[in-house]
Amino acid sequence: MEREFRRILGEDLANYLELMRAKLAFAEELYGIKMNYVPLITDGEIVVLDKNDGKIKWLKMKRPLTLDEFKSLADKIKENLESGFVEMLLAMNMECVNGPGE
């Protein structure tokens with residue numbers, strides 16, 4: 001994640017996003033499913049964290065957010081991360097996957 005984005009989000013939340021990328025990679029290895037994006041904002045235009053390059057992007061255009069766009073959305077991203085909303089969305093998706101031995 002770019003240094004300026006890390007500064008705006010704060011080190012804890014930036015590190016948490018890196019952990020989310022690792023969780024997606026783990027799920028891919030364990031369950032054989034491919035999830036390329038972590039949804040960060042789902043109301044209105046969808047904003048995601050791209051697992052492959054670690055950039056925060058508009059889902060529709062696959063274009064990384066500019067610094068100004070990120071600044072305007074940072075509070076909503078923080079709110080969704082701190083409230084557990086992002087984690088809940090991932091958990092809902094994992095429920096649809098059969099685990100090992102099922």
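Structural data are supplied above this passage.
Starting from 1, residues in each chain are numbered consecutively following that chain's sequence as written. For a predicted model such as this one, the threshold for reporting local features is a pLDDT of at least 70, and the threshold for listing and counting side-chain atom pairs is 80 or more; totals across whole chains, interfaces and linings nevertheless cover every residue. Neither water nor hydrogens contribute to the side-chain values; these are computed over all heavy atoms in the structure.

Would you mind showing me how to read a nonpolar patch on the surface here?
Residues F26, L30 and Y31 make up a contiguous nonpolar surface patch of roughly 290 Å² in combined accessible area. Put simply, DSSP H or I for four residues or longer makes a helix, DSSP E for two residues or longer makes a strand, and each gets a number counted from the N terminus. Tracing the backbone shows Y31 in helix 2 (residues 11-31). The patch calculation keeps residues exceeding 30% relative accessible area without a salt bridge and links them within 9 Å when they carry like charges or within 5 Å when they are nonpolar (Val, Leu, Ile, Met, Phe, Trp, Tyr). Accessible surface is estimated by sampling points in the Shrake-Rupley manner with a 1.4 Å probe; for residues, cover comes only from the protein chains shown. Salt bridge criterion: a side-chain nitrogen from Lys or Arg within 4 Å of a carboxyl oxygen from Asp or Glu.

It is not clear to me how the side chain of K51 should be interpreted in this structure. Could you clarify?
Tracing the backbone through its elements, the reader meets K51 in the loop between strand 2 (47-50) and strand 3 (56-58). Three labels apply to residues, based on accessible area from a 1.4 Å probe with only protein chains included: buried if under 20% of the type maximum, exposed if over 50%, partly exposed otherwise in between. For K51, a relative accessible area of 11% puts it in the buried group. Apart from residues no more than four positions distant in its own chain, K51 is found in contact with R21, L24, A25, E28, K34, M35 and N36. It only takes one pair of heavy atoms within 4.5 Å for two residues to be counted as in contact.

Is there a simple way to think about the pattern of salt bridges in this case?
Proximity of charged atoms lets side chains of opposite charge pair with each other. If you walk through the whole model with that rule in mind, you get eight salt bridges. For R7, the salt bridge identified is with E4, shortest N-O distance 2.4 Å. Taken together, the residues span about one helical turn, with R7 and E4 both in helix 1 (residues 3-9) at a distance of three residues. Residue classification places R7 among the exposed residues on the basis of a relative accessible area of 56%. Between E79 and K76 there is a salt bridge, and its shortest N-O distance comes to 3.7 Å. Placement of the pair is E79 and K76 together in helix 3 (residues 67-83), with a separation of three residues, close to one helical turn. Residue classification places E79 among the partly exposed residues on the basis of a relative accessible area of 46%.

Everything listed here is a matter of geometry and, on its own, says nothing about what the molecule does.
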